[in-house]
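Residue-level listing of the chains:
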Amino acid sequence: MSKIIVITSGKGGVGKTTTSASIASGLAKRGYKTAVIDFDVGLRNLDLIMNCERRVVYDFVNVINGEATLNQALIKDKYTDCLHILPASQTRDKDALTKEGVGKVLDELSETFDFIVCDSPAGIEHGALMSLYFADEAIVVTNPEVSSVRDSDRILGILQSKSKRAETGDEPVKEHLLLSRYNPIRVQNGEMLSVEDVKDILAVPLLGVIPESQSVLTASNQGVPVIHQEESDAGQAYSDAVARLLGEDLEHRFLEIQKKGFFHRMFGGKA
């Protein structure tokens with residue numbers, strides 16, 4: 001049975017689309033048939049990070065409106081055989097997403113795919129509410145700063161009250177916390193909240209901690225999800241998060257200040 005996972009946040013700029021691309025790619029790398037949908041109608045960034053913007057002919061709204069079939073709109077990922085992307089429209093209004101239309105597309109995707117990853121817009125506007133409504137699980141992405149964590153708490157409240165599962169009284173949406181742009185040096189200096197601080201505030205199981213890393217920006221600019229950069233800390237952290245999402249029990253890495261060895265101090269190294 002297909003599982004619908006929404007990647008959401010209360011605040012923009014926390015790494016949500018980067019997370020959607022890497023989580024979807026990680027699931028596909030493990031052999032699961034995966035579709036990732038961009039719900040950010042009017043902006044559309046997922047296709048840039050997935051390096052498929054020039055392949056977009058039809059989009060999510062075209063499928064909802066019956067202007068194209070799902071098969072026409074889905075774009076096969078360049079790097080992973082089991083992954084397909086459904087891009088958002090840049091020219092339509094967010095109100096083009098309706099519960100009936102979104103539900104119909106998700107039902108059709110569920111016939112083929114093991115996982116459907118929904119890349120939500122930030123905040124609580126219409127596209128965000130549509131993306132989380134049908135979710136089975138939610139990954140709430142937050143930075144270790146007070147405003148980001150506070151806004152994530154608001155999103156958790158909406159998941160618990162406005163999802164389809166909440167409406168029907170089914171088992172609640174399974175929630176996961178993913179902490180992005182984490183820097184233990186800045187935590188030590190009192191410039192960031194610690195992992196424990198964030199866990200205490202949100203009270204949601206920790207799926208992963210993504211270290212602050214130049215490799216994330218580099219990968220985004222190259223149109224390659226950072227999970228494919230297996231030598232980078234961020235890529236490894238996303239791989240660990242995917243493993244935990246699938247039920248593996250892994251210890252969290254990159255939480256402490258890493259001591260540099262003699263050769264690293266002499267010659268440097270990449271994060």
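Residues numbered from 1 in each chain as written. Predicted model: local features only at pLDDT ≥ 70, side-chain atom pairs only at ≥ 80, totals over all residues. Heavy atoms only, no water.

Asker: Describe the sheet that holds strand β4 (residues 83-86), listing the residues and the values that go with them.
Answerer: Here we have eight strands laid out as an open sheet, ordered β3-β4-β2-β5-β1-β6-β7-β8, and mixed in their pairing. Sheet topology places β3 (75-76) and β8 (206-211) at the edges, where each strand pairs with a single neighbour. Both strand β2 (residues 34-38) and β4 contribute to a ladder of four bridges, which runs parallel. Considered in β4, the bridge of Val36 is made with Ile85. (Pairing = 2+ DSSP bridges. Helix = DSSP H or I, 4+ residues; strand = E, 2+ residues; numbered from the N terminus.)

Asker: Could you give an account of the packing of aromatic side chains, with specific residues and numbers?
Answerer: Counted according to the given criterion, the structure contains three aromatic pairs. Here Tyr32 and Phe115 contribute two aromatic rings whose centre-to-centre distance is 5.3 Å and whose plane-to-plane angle is 85 degrees, an arrangement assigned as edge-to-face. Of the two residues, Tyr32 sits in the loop between α1 (16-29) and β2 while Phe115 sits in strand β5 (residues 115-119), which places them 83 residues apart along the sequence. The exposure class assigned to Tyr32 is partly exposed, which follows from its relative accessible area of 31%. The class of Phe115 is buried, set by a relative accessible area of 9%. (Phe/Tyr/Trp six-rings, centres within 6.5 Å; stacked < 30°, edge-to-face > 60°. Buried < 20%, exposed > 50% of the residue type's maximum accessible area, 1.4 Å probe, protein only.)

Asker: Residue-level account of the pattern of salt bridges, with values.
Answerer: Taken as a whole and assessed by the stated rule, the structure comprises twelve salt bridges. Salt-bridge contacts for Asp151 lead to Arg150; the nearest nitrogen and oxygen are separated by 3.6 Å. Its relative accessible area of 22% is what places Asp151 among the partly exposed residues. Between Arg253 and Asp240 there is a salt bridge; the shortest N-O distance is 2.9 Å. Taken together, the residues Arg253 in the loop between α12 (233-245) and α13 (262-267) and Asp240 in helix α12 connect sequence positions 13 residues apart. (Salt bridge = Lys/Arg side-chain N within 4 Å of Asp/Glu carboxyl O.)

Keep in mind these numbers describe shape, not what the thing actually does.
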